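# Residue-level structural notes
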Amino acid sequence: MIDAWRPSCSLELLRLRAQILQEIRHFFLKKGVLEVETPLMSHAVGTDPQLAFFTTEYCAAPVRQTLFLQTSPEFAMKRLLAAGSGSIYQICKAFRNGESGRFHNPEFTMLEWYRVGFTLSLLMDEIAELIEQLFGQHDYSLAPTQRSSYQAIFGQYTGLDALNFDYADYCRYALANECPEAVALCGEDHVLWLDFIFSHHVQPHLGENGLCMIYDYPACQSSLARIKQDNPKVVERVEIFINGIELGNGFYELTDVKEQERRFNDEIRLRQQKVLPASVKDQRLLAALDAGLPECSGIAVGLDRLLMVLSGNQSIGEVLSFSLHRA
Amino acid sequence: MATFSTNEFRSGLKVMLDNDPCAIIENEFVKPGKGQAFNRVKIRNLKTGRVIERTFKSGESLEGADVVDVEMQYLYNDGQHRHFMKPDTFEQYEAGDVIVGDAALWLKDQDPCTVTLWNNSPLAVTPANFVELQIVETDPGVRGDTSGGGGKPAKLETGAVVRVPLFVQTDEVIKVDTRTGEYISRVK
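Residues numbered from 1 in each chain as written. Chains lettered and ligands numbered in written order. Predicted model: local features only at pLDDT ≥ 70, side-chain atom pairs only at ≥ 80, totals over all residues. Heavy atoms only, no water.

### Details of the packing of aromatic side chains
Residue and element names in this part refer to chain A. Overall, the coordinates contain 16 aromatic pairs over all chains when judged by the stated rule. Here Phe 135 and Tyr 140 contribute two aromatic rings whose centre-to-centre distance is 4.9 Å and whose plane-to-plane angle is 85 degrees, an arrangement assigned as edge-to-face. Taken individually, Phe 135 and Tyr 140 each receive the classification buried, so the pair is uniform in this respect. Look at Tyr 170 and Trp 193: their rings are 5.8 Å apart centre to centre, the planes differ by 85 degrees, and that puts the pair in the edge-to-face class. Remark: Trp 193 occurs in helix 7 (residues 190–202) and Tyr 170 occurs in helix 5 (residues 167–176); sequence separation between them is 23 residues. Residues Tyr 170 and Trp 193 agree in their burial class; the two are buried. (Phe/Tyr/Trp six-rings, centres within 6.5 Å; stacked < 30°, edge-to-face > 60°. Buried < 20%, exposed > 50% of the residue type's maximum accessible area, 1.4 Å probe, protein only. Helix = DSSP H or I, 4+ residues; strand = E, 2+ residues; numbered from the N terminus.)

Next up, the structure:
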């Protein structure tokens, strides 16, 4: 390719990105949220079996040490929170191995912020405020923001109960909706069924020209969210969508060190079962939780996808200066 | 035959699915931020021509299908099978009505065409994009009409019926686009 030296996005998009970054910084400045930077390379990394990480090697003879490129800045930011930083945000690169497609580039830009003392519902208000403001400043009129629980939206589009797994019901749904392969692919794995059906049959409908926030995720999809106090079947997790595109994922953060360690151990065991590259449990995060993480809510938003929606581009490459193939 | 992972699924790749040879049309990577990665794949079944969508777990693989398109010469119809020949090796192949399908409407003895082979047996036949065929039957044109407006049906030597302008007459040879079945021009 003769033109492979050129950016994969237009120059106009470079300018739009710069404006958005400025507007985000302005938004948090006004709210007194501190901008921080944390290392992209770390001694430990997330244990989530669904995220593949990159490793690199630090060499200063005779020392050779494996370092991980972060899949998100979550752990380092939580250590800052535990150290008393107060509310913080960060705009940084995150790295996820093997993820490449219309909505994925293995290296992408993330906006992550934590609000000390915020419940998830307060954080959702602030997410809506930020998104509405960003779109408004670019003359993009958004439909009113929608909020729905995972169970309600899942039921609305599929008629299935997301919280109570009924294998026969799920199979019937798959056969009636032209995805019979789901039966063999998902087996009796409730989590896999939810991922399959949600991403294929629910998500595409979410947030038509507007922001859609889904909360109260099933407990089996808890990640780093806290179990809801009055309903142990769901967790305090929110995902946001516009035009069927997943833009971000937030939690009322888990502060219980024992529960966090148990989830790490479960995920490390799962990685072993699936013969995935071993990840290292982040002892420093555990120590920080042990010292005390303040009650807080936080969210990570994929800024490249946000730019896709804002500019009407159909693939992530069109909003990156250089996508993987030109990097 | 080699196997191909979902990461290698590109448009045009031929793979085996449910024991049938298929061609990948489109492959989309679908992954929830905190969830299983899938590939949503659009596939054409090369035996039936049907297009289906199928989801795979990312990293799953399919066996490649030994499917190739070969330029051949159509030889003749023996009443049960049509016979084709590779012009360079003179190797001959035969194919029944089901495989030849609608291509039969455009195949004239000695004409070039494309035969899709699966494990060295014909799977499908595609006529050349443009063919020249003789009209065997059409109503006489209306005197004075020289434009193409309206038109009339004309039966060709291969059995196909196409709409032709009124001035075109029986026994004339015309050029037809086989992809649309449309008349292009008269051939002198």
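Right, picking up where we left off after that structure.
### What to know about the domain arrangement of chain A
Residue and element names in this part refer to chain A. According to the domain assignment, chain A contains domain 1 (11–142 + 209–326) and domain 2 (148–206). Computed from C-alpha atoms alone, the centre-to-centre distance between domain 1 and domain 2 is 26 Å. Contact residues are listed per partner, giving 17 residues for domain 1 and 15 residues for domain 2. Here domain 1 and domain 2 share an interface that buries about 1300 Å² over both sides, 62% of which is from carbon and sulfur atoms. (Domains from an automatic or database assignment. Contact = heavy atoms within 4.5 Å. Buried area = accessible area lost by both parts, 1.4 Å probe.)

### What about the packing of helix 1 (residues 11–31) of chain A against helix 3 (residues 120–137) of chain A?
Residues and elements named next belong to chain A. Between helix 1 and helix 3, the shortest axis-to-axis distance is 11 Å and the interhelical angle comes to 140 degrees. On the basis of their axis angle, the class for helix 1 and helix 3 is oblique. Relative to helix 3, helix 1 is oriented so that their crossing is right-handed. When helix 1 is examined against helix 3, the residues Ile 20, Glu 23, Ile 24, Phe 27, Phe 28 and Lys 31 are found in contact with a partner set consisting of Glu 126, Glu 129, Leu 130, Gln 133, Leu 134 and Gln 137. When the residues that make up the contact of helix 1 with helix 3 are grouped by side-chain class, the tally is six nonpolar, two polar and four charged. (Axes fitted to C-alpha atoms, helices over the stretch in contact; angles between N-to-C directions. Parallel < 35°, antiparallel > 145°, perpendicular 65-115°, else oblique. Left-handed = near helix turned anticlockwise from the far one by under 90°. Nonpolar A, V, L, I, M, F, W, Y, C, P; charged D, E, K, R; others polar.)

### Details of the interface of chain A and chain B
Tallying the contact residues gives 23 residues for chain A and 17 residues for chain B. For the pairing of chain A and chain B, the buried interface totals around 1800 Å² over both sides, and the portion due to carbon and sulfur atoms is 53%. When the area that chain A buries against chain B is broken down by residue, the three leading residues are Glu 181, Leu 185 and His 200 of chain A, summing to 25%. At the junction of chain A with chain B, the criterion picks out three salt bridges. (Salt bridge = Lys/Arg side-chain N within 4 Å of Asp/Glu carboxyl O.)

### Examining the sheet that holds strand 10 (residues 112–118) of chain B
All names here are of chain B. Across the sheet, which stays open at both edges, the five strands sit in the order 9-8-7-10-11 with antiparallel pairing between neighbours. Two strands close off the open sheet at either side, each with one partner strand: strand 9 (92–95) and strand 11 (121–127). Strand-to-strand, the axes of this sheet are offset by a mean angle of 40 degrees, without reference to chain direction. Pairing of strand 8 (residues 82–85) with strand 9, which is carried by four bridges, proceeds in the antiparallel orientation. (Pairing = 2+ DSSP bridges.)

### With respect to helix 5 of chain A
Residue and element names in this part refer to chain A. Within the sequence span of helix 5, burial applies to Tyr 170, Cys 171, Tyr 173 and Ala 174. Looking straight down helix 5, one finds that the buried residues subtend no more than 160 degrees of arc, so they occupy a single side. Exposed side of helix 5, more than 90 degrees from the buried face: Arg 172, Leu 175 and Ala 176 are the residues found there. Buried-residue contacts for helix 5 involve helix 4 (150–158), helix 6 (181–186) and helix 7. Taking the backbone nitrogen of Ala 168 as reference, a side-chain oxygen 3.1 Å away marks Asp 166 as the first, capping residue of helix 5. Of the residues one or two after helix 5, Glu 178 is the one with positive phi, at around 55 degrees. (Arc of directions from axis to C-beta. Polar contact = N/O pair within 3.5 Å; in protein donor to acceptor, adjacent residues only side chain to side chain.)

### Details of the sheet that holds strand 3 (residues 20–30) of chain B
On the basis of which strands lie adjacent, the open sheet formed by four strands has the order 2-3-4-5 (chain B) and antiparallel pairing. Looking along the sheet, the strands with just one partner apiece sit at the ends: strand 2 (14–17) and strand 5 (51–57) of chain B. Along the sheet, successive strands turn relative to each other by an average axial angle of 45 degrees, direction set aside. Inspection of the sheet shows strand 3 of chain B paired to strand 4 (residues 38–45) of chain B by eight bridges, in the antiparallel sense. Of the residues in strand 4 of chain B, the one forming a bridge with Glu 28 of chain B is Arg 40 of chain B. Along the sheet face, helix 7 of chain A touches strand 3, strand 4 and strand 5 of chain B and points at about 65 degrees away from the line of strand 4 of chain B.

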